[in-house]
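Observations on the three-dimensional arrangement
Each chain, written out:
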Amino acid sequence: MIVLVGFMGAGKTTVGSLLAKQLGVPFDDVDLVISRRAGRSIREIFAADGEPAFRDLEHRVTAELLAGRSAVLALGGGAAEHPGTRACLRGSRVVYLEVGYDEAMLRVAHDPGRPMLRAPGLRDIFERRRSGYESVATDVIRTDGRGPEAICEDIIEKLGRRP
Ligand code: S3P
């Protein structure tokens, strides 16, 4: 299984689905699974139940999918902060899509579907999360100024070099 982690706007969903298509394997995205199962958007879950409830649910669904048969799996931007999720990631191939704060904001700042974009101290959250991503990553790919195809090529190249 190839797991993609990184901050909002790193390109986990876009790159993950392209990567899966190129490898001819299935793709899953934890946020999509959560909102499909709940019958509500992530924004609605945050608004109605609050962030701690979302984090619990996110951890349970992430752990379940990590133990399952997804071939390429994109996690949510906050998933790697959960110690239980970090433990579940041990032994998986984890690609950290690294993005600078300004570039991430250019990509997603206006997305109303991402409630964490309005969290106070977002830049501090961004900085704090770096170490979580780094601690679980087996590979780090820079994404600033690059499109999904080039990023995908990088990942495939790395996979081939060190299976
Ligand atoms: C979150 C990122 C989102 C989603 C939720 C919380 C975060 O996923 O899980 O809105 O805390 O950074 P993406 O990284 O796919 O936007």
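The structure under discussion appears in the preceding block.
The following paragraphs examine the structure supplied in this document. (Residues numbered from 1 in each chain as written. Predicted model: local features only at pLDDT ≥ 70, side-chain atom pairs only at ≥ 80, totals over all residues. Heavy atoms only, no water.)

Now for the nonpolar core. Side chains of a nonpolar character, in soluble globular proteins, are inclined to be buried together. Ranked by internal contacts, the top residues of the largest apolar core, which has 49 residues, are Val5, Phe7, Leu75, Leu97 and Ile155. If one sorts the elements of this core by residue count, helix 7 (residues 122–136) sits on top with five residues. Apart from residues no more than four positions distant in its own chain, isoleucine 155 is found in contact with Leu4, Val15, Leu19, Val95, Leu97 and Ile141. (Core = buried A, V, L, I, M, F, W, Y, C linked by side-chain atoms within 4.5 Å. Buried < 20%, exposed > 50% of the residue type's maximum accessible area, 1.4 Å probe, protein only. Helix = DSSP H or I, 4+ residues; strand = E, 2+ residues; numbered from the N terminus. Contact = heavy atoms within 4.5 Å.)

We now examine the site of the ligand. Around the ligand, the surrounding shell holds 14 residues, and the nearest of these are Lys12, Asp31, Arg55, Arg114 and Arg129. Between the ligand and aspartate 31, the relevant distance is 2.8 Å, taken from an oxygen atom to a side-chain nitrogen or oxygen of the residue. Within the side chain of arginine 55, a nitrogen or oxygen atom sits 2.6 Å from an oxygen atom of the ligand. When the ligand sits alone it has 380 Å² of accessible area, and the protein chains cover 96% of it. Grouping the amino acids of the shell around the ligand by side-chain chemistry returns five nonpolar, three polar and six charged. (Near = heavy atom within 4 Å. Polar contact = N/O pair within 3.5 Å; in protein donor to acceptor, adjacent residues only side chain to side chain. Areas by Shrake-Rupley, 256 points an atom, 1.4 Å probe, with all protein chains shown as cover. Nonpolar A, V, L, I, M, F, W, Y, C, P; charged D, E, K, R; others polar.)

A sheet is described by the order of its strands in space; here five strands give the open sequence 2-3-1-4-5, paired in parallel fashion. Edge strands, defined here as strands with exactly one partner in the open sheet, are strand 2 (27–29) and strand 5 (139–142). With direction set aside, neighbouring strand axes in the sheet form an average angle of 20°. The pairing of strand 1 (residues 2–5) with strand 4 (residues 93–98) spans four bridges and is parallel. Across the sheet, the residue bridging to valine 3 is valine 94, located in strand 4. (Pairing = 2+ DSSP bridges. Axes fitted to C-alpha atoms, helices over the stretch in contact; angles between N-to-C directions.)

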